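Architecture at a glance
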Amino acid sequence: MRDYERLAFQHAPDATLILADRVILRASLRVEAVFGWTPKELEGQSIRVLYPGQTDYELIGERARKAMQAAPVYRDERFMRRKDGQVVWMEGHGTALDPEDPQRLAVWTYRPLESEGPTGALTPTERRIARYLVNGFTSKEIALAMGSSPRTVEVHRANMIRKMGVRNSFELVSRLLAAVG
């Protein structure tokens, strides 16, 4: 790779990863600001480390694989996990260097989104509570962090369940984590 190409990759404005069979070969410098990992910490690891759970890793991976066989660039929005364990909403773009086998060698970019993903119908307070829920906080912990009562958090959670069309908190969190744009 020529020096300017190396510089362009290393200093790309979005977190950029080169993957082979879903293993990170190279990571740009921006991954540290976006994910909290240094490039050296990520290189050689499975991309799985950046997903909230195994199901997310499998479902999104399969969806992206199929889409990259059909079109040159795949784009979605999804939750991803930072080194500190925080789950954040990201925009991802991927392109396969071999459309017949998109996961053999691919380039991915990630950018945190300001919006809270699939929570667009929710109020700002409900979106804030949703962020805590997907990060595993209890109602008491959320109330403490937000300076409110656990009952207030429960009322907001009930409204979120109704708005998102789910039956319970487990389905709410599952829906938030599984949602892609």
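A brief structural summary. (Residues numbered from 1 in each chain as written. Predicted model: local features only at pLDDT ≥ 70, side-chain atom pairs only at ≥ 80, totals over all residues. Heavy atoms only, no water.)

**Describing the environment of Lys 40**
Looking at where Lys 40 falls in the secondary structure, it is placed in helix α3 (residues 39-42). Overall, Lys 40 belongs to the exposed group, its relative accessible area being 64%. Within polar-contact distance, the side chain of Lys 40 engages the side chain of Glu 43 at 3.5 Å. (Helix = DSSP H or I, 4+ residues; strand = E, 2+ residues; numbered from the N terminus. Buried < 20%, exposed > 50% of the residue type's maximum accessible area, 1.4 Å probe, protein only. Polar contact = N/O pair within 3.5 Å; in protein donor to acceptor, adjacent residues only side chain to side chain.)

**Topic: the nonpolar core**
Within the largest apolar cluster, 25 residues are counted, with the highest numbers of intra-cluster contacts made by Leu 17, Phe 35, Ile 47, Leu 50, Trp 108 and Tyr 110. Listed by contribution, the elements that provide at least two residues to this core are β1 (15-20), β2 (23-27), α2 (30-35), α4 (54-70), β3 (74-81), β4 (87-96) and β5 (106-112). If you tally residues by element for this core, the top one is α4, at four residues. Ignoring any residue separated from it by four or fewer positions in sequence, one finds Trp 108 in contact with Ala 15, Thr 16, Leu 17, Leu 19, Ala 64, Met 68, Tyr 74, Arg 78, Gly 92, His 93 and Gly 94. (Core = buried A, V, L, I, M, F, W, Y, C linked by side-chain atoms within 4.5 Å. Contact = heavy atoms within 4.5 Å.)

**Some thoughts on the environment of Ala 121**
The residue Ala 121 is located in the loop between β5 and α5 (124-134) in this model. Judged by relative accessible area, which is 59%, Ala 121 ranks as exposed. Distance from Ala 121 to Glu 154, taken between C-alpha atoms, is 18 Å for residues 33 residues apart in sequence.

**What to know about the pairing of β3**
It is a general feature of regular strands that their side chains alternate between the two faces of the sheet. Of all eight residues that make up β3, six are buried, and the element is covered over most of its length. In this sheet, β4 lies alongside β3 in antiparallel orientation, the contact comprising eight bridges. What sits directly across from Arg 75, in β4, is His 93. (Pairing = 2+ DSSP bridges.)

**So, the packing of aromatic side chains**
Counting across every chain of the model gives five aromatic pairs. Here the aromatic rings of Phe 35 and Tyr 110 are separated by 5.8 Å at their centres, their planes lie at 75°, and the arrangement is edge-to-face. Within this pair, whereas Phe 35 is found in helix α2, its partner Tyr 110 is found in strand β5, the two being separated by 75 residues in sequence. For the residue pair Phe 35 and Tyr 110, the accessibility class agrees, reading buried in each case. (Phe/Tyr/Trp six-rings, centres within 6.5 Å; stacked < 30°, edge-to-face > 60°.)

**Describing the sheet that holds β2**
Read across the sheet, five strands follow the order β2-β1-β5-β4-β3 without closing on themselves; strand pairing throughout is antiparallel. Each end of this open sheet is capped by a strand with a single partner; those strands are β2 and β3. Across the sheet, the axes of successive neighbouring strands diverge by a mean angle of 35°, strand direction being ignored. Most of the contacts of α4 go to β3, to which it runs at about 165°, and overall it touches β3, β4 and β5. (Axes fitted to C-alpha atoms, helices over the stretch in contact; angles between N-to-C directions.)

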